[in-house]
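Residue-level structural notes
These are the residues of each chain, in order.
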Amino acid sequence: MKFSEDILKTFNLNPEEEREPVNIMQIGEMLQFLKTCAERIVQKSEKYMKSIDADEQLDCIDIVTVKLNDFVQVFKDLVIFIRKEEGTYKSGTSLRYCMNSYDTFDFRQTEAEQTFLRELLLRNEITHDYFNRELHQQKLIWIMENCSSGSLDVYHNLETYCRQHHLTDKYADKNI
């Protein structure tokens with residue numbers, strides 16, 4: 001026996017939830033998201049290096065690509081928030097502005113952290129330049145093999161700074 005699609009629709013078995021976009025987040029939540037991204041970048045980088053299975057390695061590359069993008073987005077928002085709180089924000093929103101701004105903090109950066117930060121611009125290339133995706137993939141693999149742990153160092157420095165300056169309970173507003 002076949003059911004008509006119209007009959008199924010009347011039961012509303014899969015109601016769609018209406019959701020409003022969220023543009024405000026607590027700094028502590030942003031830091032937790034940054035930590036999760038960094039941990040996944042490191043975990044999948046390590047798994048990539050240990051694996052000999054090509055499909056598993058490609059899955060790791062795909063996951064690191066996505067997590068690198070997420071990492072960059074929250075990194076930028078955190079740096080901009082901190083600069084606004086300090087009153088030193090100069091209206092830049094580019095990744096390069098945020099990387100340069102991060103370097104002006106008095107963080108003791110590890111070598112892996114410095115290298116990871118220098119290579120963050122690869123995220124822009126991966127996102128916007130699919131013509132050279134194989135070249136970008138090779139660069140991503142290099143990052144995975146050589147400095148992925150620097151992502152955790154970035155997280156630790158930002159988390160420590162925000163905690164010491166009592167920012168973790170404040171909210172970042174994407175619209176401001």
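Residues numbered from 1 in each chain as written. Predicted model: local features only at pLDDT ≥ 70, side-chain atom pairs only at ≥ 80, totals over all residues. Heavy atoms only, no water.

Right, let's talk about unusual backbone geometry for a bit. At Ser-91, a position not held by glycine, the phi torsion is positive, near 75°. Residue position: Ser-91 is located in the loop between helix H3 (54-86) and helix H4 (95-103). Positive phi, close to 55°, is recorded for His-166, a residue that is not glycine. Note on placement: His-166 falls in the loop between helix H8 (150-164) and strand S2 (171-173). (Helix = DSSP H or I, 4+ residues; strand = E, 2+ residues; numbered from the N terminus.)

For the rest of this paragraph, the subject is the packing of aromatic side chains. Applying the stated criterion across every chain, the model contains ten aromatic pairs. Ring centres of Tyr-130 and Phe-131 lie 4.6 Å apart, and the angle between their planes is 25°; this geometry places the pair in the stacked category. Look at Phe-131 and you get exposed, because its relative accessible area is 66%. Above the plane of the ring of Phe-105 lies Arg-83, whose end atom (NZ or CZ) is 4.2 Å from the centre. Between the NZ or CZ atom of Lys-84 and the centre of the ring of Tyr-89, over which it lies, the distance is 5.3 Å. (Phe/Tyr/Trp six-rings, centres within 6.5 Å; stacked < 30°, edge-to-face > 60°. Buried < 20%, exposed > 50% of the residue type's maximum accessible area, 1.4 Å probe, protein only. Lys NZ or Arg CZ within 6 Å of the ring centre and 35° of its normal.)

Below, the discussion takes up the nonpolar core. Counting residues in each nonpolar core, the largest one holds 45 residues, and the members touching the most others are Phe-71, Phe-75, Tyr-102, Leu-120 and Leu-158. Elements with a minimum of two residues in this core: helix H2 (27-50), H3, H4, helix H5 (111-119), helix H7 (133-146) and H8. With 13 residues, the top contributor of residues to this core is H3. Not counting the four nearest positions on each side in its chain, Tyr-102 is found in contact with Phe-75, Val-79, Phe-107, Gln-109, Glu-113, Leu-117, Asp-153, Val-154, Asn-157 and Leu-158. (Core = buried A, V, L, I, M, F, W, Y, C linked by side-chain atoms within 4.5 Å. Contact = heavy atoms within 4.5 Å.)

Another aspect to go through is H7. Along an α-helix, a turn takes 3.6 residues, which lines up residues three or four apart on a common side. Taking 1.5 Å as the rise per residue, H7 with 14 residues should run 20 Å; its terminal C-alpha atoms sit 20 Å apart, in good agreement. Of all the positions in H7, only His-136, Leu-140, Ile-141, Ile-143 and Met-144 are classed as buried. Projection of H7 onto a plane perpendicular to its axis shows the buried side chains occupying an angular sector of 160°, all on one side. In this structure, H7 carries Glu-134 and Leu-135 as exposed residues pointing more than 90 degrees from its buried face. Elements in contact with the buried residues of H7: H2, H3, H5 and helix H6 (122-128). (Expected span 1.5 Å × (residues − 1). Arc of directions from axis to C-beta.)

Following the sequence through the fold, Arg-123 ends up in helix H6. Within the buried core, Arg-123 has no salt-bridge partner, and the shortest N-O distance to an opposite charge, that of Asp-70, equals 8.1 Å. Those residues in contact with Arg-123, other than ones at most four positions away along the chain, are Leu-68, Asn-69, Val-72 and Gln-73. (Lys, Arg positive; Asp, Glu negative; His and termini not counted. Salt bridge = Lys/Arg side-chain N within 4 Å of Asp/Glu carboxyl O.)

We now examine the pattern of salt bridges. The tally for this structure, following the rule as stated, stands at six salt bridges. As a salt-bridge pair, Glu-86 and Arg-83 come within 2.5 Å of each other at their nearest N and O atoms. In this pair, Glu-86 and Arg-83 both sit in helix H3, three residues apart, roughly one turn of the helix. A residue is classified by how much of its surface remains accessible, and Glu-86, at 33% relative accessible area, is partly exposed. Where Glu-85 meets Lys-170, a salt bridge forms, and the shortest distance between an N and an O atom there is 3.0 Å. With Glu-85 in helix H3 and Lys-170 in the loop between H8 and S2, this residue pair connects regions lying 85 residues apart in the sequence. A relative accessible area of 38% means that Glu-85 is categorised as partly exposed. A relative accessible area of 35% means that Lys-170 is categorised as partly exposed.

Read these as spatial facts, not as claims about activity.
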